[in-house]
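# Breakdown of the fold
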Amino acid sequence: MRAAEGSGLDHCDSVIWELEARDPMRCAPEGVAAATQEPARALASSLGCTLLACTDDDSYDDQTPPVPCYSWLVRVPRGEHEHRDEHDIPVAVARLHQHLRSLLPAELEDWRIAPDRGLTLDEAAGTALLGAYLDLLEPFEAALMPLRTDGAERLDPGAKAWVRGERAMAGTYSLWLCEDPDAGGHAWLVLHIGLAATDSFWQSPAGTGLLRWGVTADDPVLMTPRPAAPAWMVTLTTCAFSKKRLPADAPAARMAGARHQWTSNAIPALTARVCHDLQALFPRIARSR
């Protein structure tokens, strides 16, 4: 096992750790993710942590032939992050590693355990962005979280800060509702909530940065500093979603399907109108109550 060196993330409220196993001898059977995901999630939860992702279809360094690589991402609160064992690994992460090893062949010996600095800082930025808009987002979450179905209820809504600067951030907020009944394949109805940004914003460094990530001028955005007189926007779109890509490293890919938009200067009126319209447009959401 190769353990982490100092990460410089002790100031974060939580840190994302990755447990990675490389399998050059292909000693693990197929279905590592399916076999370990629920046991790992249950143990992480009992230790006060959160399993974010579990993948078994990656390879290491694009080698030929490819070397299978299995990965588990877990969010560790600051207190557990600081509680280390003799290898300088959080005790909770070490216990998860021990449990995973008990579920996998003993020959699987090449493990690497380390904090993921990029994902941790991304999540911290998203949390800060959320904090600036709780008055907008909390009413939508209170109204819509109980209505989610088709597995969307297991996906945490959240903000992603695609552009970060010393004085400003800009990003998007997404809340998965359910599978799109009119779209074939694995497609989701996703609600995006934020500001109706002005033309001047899209010409600013933050706006052009979002455009480079694939966000469009028709999308609601979150930004800091927050504008003094905000106009709010909500959109509903059909998006592709792959569970193995959590946490997101790109905006969800749009697909042909639903496209609805609401705008208002008043949060309560906007929340009520969106919730009413969604249940009229998609009765399955209302039935999931």
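To start, this report covers the structure provided alongside it. (Residues numbered from 1 in each chain as written. Predicted model: local features only at pLDDT ≥ 70, side-chain atom pairs only at ≥ 80, totals over all residues. Heavy atoms only, no water.)

This part is about the packing of aromatic side chains. Each aromatic ring pair is characterised by the separation of its centres together with the angle its planes make. In the structure shown here, the tally under the stated rule is four aromatic pairs. Taken together, a centroid distance of 5.1 Å and an interplanar angle of 40° make the contact between tryptophan 162 and tryptophan 213 tilted. Placement of tryptophan 162 in strand S5 (residues 158–164) and of tryptophan 213 in helix H7 (residues 205–213) is noted, with a sequence separation of 51 residues between them. Pairing phenylalanine 201 with tryptophan 202 gives two aromatic rings, centres 5.1 Å apart and planes at 75°, and the pair type is edge-to-face. In this structure, phenylalanine 201 and tryptophan 202 share a single accessibility class: buried. If you follow lysine 160 out to its NZ or CZ, it ends over the ring of tryptophan 162, 5.1 Å from the centre. (Phe/Tyr/Trp six-rings, centres within 6.5 Å; stacked < 30°, edge-to-face > 60°. Helix = DSSP H or I, 4+ residues; strand = E, 2+ residues; numbered from the N terminus. Buried < 20%, exposed > 50% of the residue type's maximum accessible area, 1.4 Å probe, protein only. Lys NZ or Arg CZ within 6 Å of the ring centre and 35° of its normal.)

Considering the arrangement of structural elements, one finds aspartate 219 in the loop between H7 and strand S8 (222–224). Look at aspartate 219 and you get buried, because its relative accessible area is 4%. Separated by 2.8 Å, the side chain of aspartate 219 and the backbone nitrogen of threonine 216 make a polar contact. (Polar contact = N/O pair within 3.5 Å; in protein donor to acceptor, adjacent residues only side chain to side chain.)

What follows concerns the nonpolar core. Counting 43 residues, the largest nonpolar core has Phe140, Leu177, Leu191, Phe201, Leu210, Val221 and Leu278 as the members making the most contacts within it. The biggest single contributor to this core is strand S6 (residues 169–179), with six residues. Once residues lying within four places of it in the same chain are set aside, the contact partners of leucine 278 are Leu144, Leu177, Leu191, Leu236, Trp262 and Ile285. By size, the runner-up hydrophobic cluster in this structure holds 29 residues, among which are Ala44, Val74, Ala92 and Leu96. (Core = buried A, V, L, I, M, F, W, Y, C linked by side-chain atoms within 4.5 Å. Contact = heavy atoms within 4.5 Å.)

Here the focus is the packing of helix H1 (residues 32–46) against helix H3 (residues 91–103). Orientation of H1 relative to H3, taken along the N-to-C sense of each, is 155°, at an axis distance of 10 Å. Here H3 runs roughly antiparallel to H1, going by the angle between their axes. Here H1 and H3 pass one another in a crossing that is right-handed. For the pair H1 and H3, contact is made by Thr36, Pro39, Ala40 and Leu43 and by Arg95, Leu96, His99, Leu100 and Leu103, respectively. A class-by-class count of the residues in the contact of H1 with H3 yields six nonpolar, two polar and one charged. (Axes fitted to C-alpha atoms, helices over the stretch in contact; angles between N-to-C directions. Parallel < 35°, antiparallel > 145°, perpendicular 65-115°, else oblique. Left-handed = near helix turned anticlockwise from the far one by under 90°. Nonpolar A, V, L, I, M, F, W, Y, C, P; charged D, E, K, R; others polar.)

It is worth spelling out H7 at this point. Buried within H7 we find Ala206, Gly207, Gly209 and Leu210. Along the axis of H7, the buried residues cluster in a sector spanning 160°; they form a single face. Away from its buried face, by an angle of more than 90 degrees, H7 presents the exposed residues Pro205 and Arg212. Elements that come into contact with the buried residues of H7 comprise S5, S6 and helix H6 (199–202). Of the residues one or two after H7, glycine 214 is the one with positive phi, at around 105°. (Arc of directions from axis to C-beta.)

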